[in-house]
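A structural walkthrough
Single-letter residue listing:
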Amino acid sequence: MMAERELDPKAPPGLHLLSAFLAMETTDTLLSLARECGGGKITDEVQTFICNECLDFSIGKGNEYMKKFLKKIITEVESRNGYVSDDLYEEYVPYMTSSKDFNLFKETGRILKCISFLFHADCVELSSCPSSRNLVVELQCSLNMLEGDTGCSIWPSCLFLSELILSFPHIFLGKSCFEVGSGVGLVGICLAYVKASKVILSDGDLSTLANMKFNLEMNHINTETDLPETSTENPKLVKCIHLPWESASEKELQEFMPEIILGADVIYDPSCLPHLIRVLAILLSKKKSCDKNQKGSLRNSSTEVTCADGKANSSSQGQVLNAHGSDSSSSHAYDISITGVNNAASLGSRADPVAYIASVIRNIDTFNHFLALADQANLTISDLTSTLRPLDLLPYMRSYDRSSIRLFTVTSK
Ligand SMILES: C[S@@+](CC[C@H](N)C(=O)[O-])C[C@H]1O[C@@H](n2cnc3c(N)ncnc32)[C@H](O)[C@@H]1O
């Protein structure tokens, strides 16, 4: 008989099961990872691991998620005529015998998820790789995807942008960064982690903004709403601002003039797109950014980027998207034409500002409308999806389909 594998919470497959539990992946995902831990079945050792490592975290204590998870594991073991450990039964008894409503989310609608970025052996050389090999970010978010104008949930593109930042930290190191539609604040936490010189997060929804600040503080990052310019040059300090695209004035936006602009899953509401494009066009305006750069932030303008494979990247090719041109050879559903190379933008090695926008294209008409508006505003959009691929730092997260996400840069023509 094959010896059972030792389950270690610091190494796969135990680490993947624990990380998935903390990120509140579906109970089907947990069951599948638990099976992987036991080489195909929920062994005694897997049950002990669940009791000692997963159930120990207050994250799931006494709630519906824990109840479902325990029930799923016990049902699986029983259905295979296996032996359910006393400890596991003991954990489940209160859920069976109590008439208490375990759905603790009802009142607040908020849950706490821990997103663990797992740096594997290939990325130990990466400056963003923590000595523990795991970067764990705690996030309060909502079960209701629409709460806070959708900003209180974790959307896939912000996971993608976070992986991008951690995979290519040199693009963001020492750069002033500004995010639009920041939601739960995960991207900002990663930017602070890789030591962007300045991080400004923004959102148009006030409840989202409050939740974002809560998340930053929970992760030991100071937030300020109204700081003097000089004091934001502190990587552990992230500024959170209320910025509805519709009402943001040119003057207000020109105060920021960041080197890098970011946006995750912000292309979805056609009525907001003209305003989003206007905000991007002002933030990307070259003249002001050159003036600012001349004042002293050029020091990072020629940062070399080391790719995930450890090789210096000097010729990343971007595809420039054009709403009006069509390319019959394109494999994409939307109009696309390859008209040039955008090396510097992809590498963040230019003085002109660049925006990194990650998006799931849910509606092709909305996306084409975005391209058309960008063209009218003299913005160039390049598709970097196949050239700037982040490392898979969330291997346990089966709810996250990275292949559905596209990465674009936006620059001013
Ligand atoms: C789908 S969520 C994405 C949130 C986050 N970037 C993520 O990927 O998890 C869209 C975000 O854009 C913000 N947003 C939508 N319309 C906006 C507007 N007109 N002005 C400013 N923010 C807006 C929402 O409040 C929300 O936080």
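Given the structure is predicted, the values throughout are model-derived calculations rather than measurements.

1. Side note on the packing of helix α1 (residues 14-22) against helix α2 (residues 27-37)
Angle between the axes and distance between the axes are the two parameters that describe a pair of packed helices. Taken N-terminus to C-terminus, the directions of α1 and α2 make an angle of 165°; their axes are 9 Å apart at the nearest point. Between α1 and α2, the interaxial angle falls into the category roughly antiparallel. Read as a crossing pair, α1 and α2 show a hand that is left-handed. Across the interface between the two elements, Gly14, His16, Leu17, Ala20 and Phe21 of α1 pack against Leu30, Leu33, Ala34 and Cys37 of α2. A breakdown of the residues in the contact of α1 with α2 according to their chemical character gives seven nonpolar, two polar and no charged.

2. Comments concerning the pairing of strand β9 (residues 354-360)
With seven of seven residues buried, β9 is to be regarded as a mostly interior element. Bridge count for strand β7 (residues 260-264) against β9 is five bridges, and the pairing is parallel. Note that in β9 the partner of Leu262 across the bridge is Tyr356. In this sheet, strand β11 (residues 405-412) lies alongside β9 in antiparallel orientation, the contact comprising six bridges. By the bridge assignment, Ser359 is partnered in β11 with Arg406.

3. Concerning the pairing of β11
Taken across its eight residues, β11 has eight buried, putting it largely inside the fold. Alternating positions in β11 separate into two faces, Ile405, Leu407, Thr409 and Thr411 on one and Arg406, Phe408, Val410 and Ser412 on the other, with burial throughout.

4. Structural notes on the site of the ligand
Not every one of the 22 residues close to the ligand is listed here, only the nearest: Gly181, Asp203, Trp245, Glu246 and Ala264. One of the backbone nitrogen or oxygen atoms of Gly181 is found 2.7 Å away from a nitrogen atom of the ligand. The backbone of Ala264 places a nitrogen or oxygen atom 2.9 Å from a nitrogen atom of the ligand. Here the ligand loses 97% of its free accessible area of 590 Å² to cover by the protein chains. Broken down by class, the residue content of the shell around the ligand amounts to eight nonpolar, nine polar and five charged.

5. Observations concerning the confidence of the model for the protein
Taken as a whole, the protein shows an average pLDDT of 82; of its residues, 77% reach a score of 70 or greater. Segment residues 292-317: pLDDT under 50, and 51 contacts once partners within four positions in sequence are set aside and those in other chains are kept. Throughout residues 324-350 the model reports pLDDT below 50, and contacts reaching past four residues in sequence, or to other chains, amount to 75 contacts.

6. A few points about the side chain of Gln140
Tracing the chain through its elements places Gln140 in strand β2 (residues 134-142). A relative accessible area of 19% places Gln140 in the buried class. Here Asn211 takes part through its side chain, which lies 2.7 Å from a polar atom of the side chain of Gln140. Contacts of Gln140, omitting those with residues within four sequence positions, involve Arg110, Ile111, Leu112, Val184, Asn211, Phe214, Asn215 and Met218.

7. Observations concerning the pattern of salt bridges
A full pass over the atoms with the stated rule returns eight salt bridges. One salt bridge connects Lys413 with Asp375, and the closest N-O pair in it is separated by 2.8 Å. One end of the pair, Lys413, is in the segment after β11; the other, Asp375, is in helix α15 (residues 364-376), with 38 residues separating them in the sequence. Salt bridges here are not isolated pairs; linked through shared partners, they connect Arg35, Glu76 and Arg80.

Definitions and limits used
Residues numbered from 1 in each chain as written. Predicted model: local features only at pLDDT ≥ 70, side-chain atom pairs only at ≥ 80, totals over all residues. Heavy atoms only, no water. Axes fitted to C-alpha atoms, helices over the stretch in contact; angles between N-to-C directions. Helix = DSSP H or I, 4+ residues; strand = E, 2+ residues; numbered from the N terminus. Parallel < 35°, antiparallel > 145°, perpendicular 65-115°, else oblique. Left-handed = near helix turned anticlockwise from the far one by under 90°. Contact = heavy atoms within 4.5 Å. Nonpolar A, V, L, I, M, F, W, Y, C, P; charged D, E, K, R; others polar. Buried < 20%, exposed > 50% of the residue type's maximum accessible area, 1.4 Å probe, protein only. Pairing = 2+ DSSP bridges. Near = heavy atom within 4 Å. Polar contact = N/O pair within 3.5 Å; in protein donor to acceptor, adjacent residues only side chain to side chain. Areas by Shrake-Rupley, 256 points an atom, 1.4 Å probe, with all protein chains shown as cover. pLDDT = per-residue confidence, 0-100. Salt bridge = Lys/Arg side-chain N within 4 Å of Asp/Glu carboxyl O.

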